[in-house]
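A structural walkthrough
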Amino acid sequence: IQYGIDVAAIKEEKKVITERSKVVSIRALYPLYRIHEILIARNNLNSKQHLTLFYPFWEDSYKEKILKMLQPIDINMGRIPIKSEMYSVLASALLVISIPESDSSPRSVYESIFSGCCVATTYNPWIKSLPDCMRKRVYIVEIEDKQWFKKAIEYAKIVVKEPYCPSEKALEMFDQE
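Here's a quick rundown of the structure. (Residues numbered from 1 in each chain as written. Predicted model: local features only at pLDDT ≥ 70, side-chain atom pairs only at ≥ 80, totals over all residues. Heavy atoms only, no water.)

**Considering the overall build of the protein chain**
Helix and strand counts for the protein chain come out as eight helices and six strands. Reading the protein chain from its N terminus to its C terminus gives the helix and strand order α-β-α-β-α-β-α-β-α-β-α-β-α-α. Taken against the 2.2 N^0.38 rule, which gives 16 Å for 177 residues, the C-alpha radius of gyration of the protein chain at 15 Å falls within 12% of a compact globule. Counting only C-alpha atoms and orienting by the principal axes, one finds that the protein chain spans roughly 45 × 30 × 30 Å. Within the protein chain, buried positions represent 48% of all 177 residues. About 9200 Å² of surface is accessible on the protein chain, with carbon and sulfur atoms providing 53% of the total. The centroid of the 25 positive side-chain charges in the protein chain is displaced by 4 Å from the centroid of its 23 negative side-chain charges. (Helix = DSSP H or I, 4+ residues; strand = E, 2+ residues; numbered from the N terminus. Rg over C-alpha atoms; globule rule 2.2 N^0.38 Å. Buried < 20%, exposed > 50% of the residue type's maximum accessible area, 1.4 Å probe, protein only. Areas by Shrake-Rupley, 256 points an atom, 1.4 Å probe, with all protein chains shown as cover. Lys, Arg positive; Asp, Glu negative; His and termini not counted. Charge placed at Lys NZ, Arg CZ, Asp CG, Glu CD.)

In structure tokens:
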């Protein structure tokens with residue numbers, strides 16, 4: 001990943017021990033990132049699980065559509081301009097969902113894994129290149145499976161019991177230092 005990720009800053013936020021309970025959508029509000037599908041999957045389960053959304057940018061009409069689908073328990077954080085605030089949210093996240101139609105080397109997914117989260121994502125070739133320590137924290141979503149949201153949370157509850165400890169290979173590949 002170009003320029004790497006700030007592993008030192010992520011470690012700082014992880015020092016504060018919090019319960020991992022948030023399910024987070026971290027991608028832009030554009031049809032490519034399928035935030036609509038995340039909300040449909042959650043809403044179809046009649047789940048009491050709230051979603052926390054933050055996004056670096058958006059398409060106005062798509063954002064309007066998404067905001068109408070939110071439930072009162074959901075948290076819309078909008079754009080988070082300070083990385084440490086984003087890392088703080090990730091430090092308390094159980095699951096980060098990123099299910100784009102296509103993607104290449106998603107920085108936010110890597111930051112989520114280094115923050116100790118489980119990541120639910122659709123299959124993409126970059127997954128094969130991840131070190132084992134990171135790949136274990138990835139749940140592959142099958143969009144057609146109406147239970148994928150529930151299954152991803154169940155998987156995440158198991159995965160995050162073990163704190164994330166990056167391998168040397170993971171640090172070599174991703175740490176900006």
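**Description of the environment of Asp6**
When you line up the elements, Asp6 lands in the segment before α1 (7-14). For Asp6, a relative accessible area of 26% gives the class partly exposed. For the pair Asp6 and Ser129, spaced 123 residues apart in the sequence, the C-alpha separation amounts to 20 Å. In contact with Asp6, other than residues within four places in its own chain, are Tyr87 and Gln176. Side-chain polar atoms of Asp6 contact the backbone nitrogen of Ala9, separated by 3.1 Å. (Contact = heavy atoms within 4.5 Å. Polar contact = N/O pair within 3.5 Å; in protein donor to acceptor, adjacent residues only side chain to side chain.)

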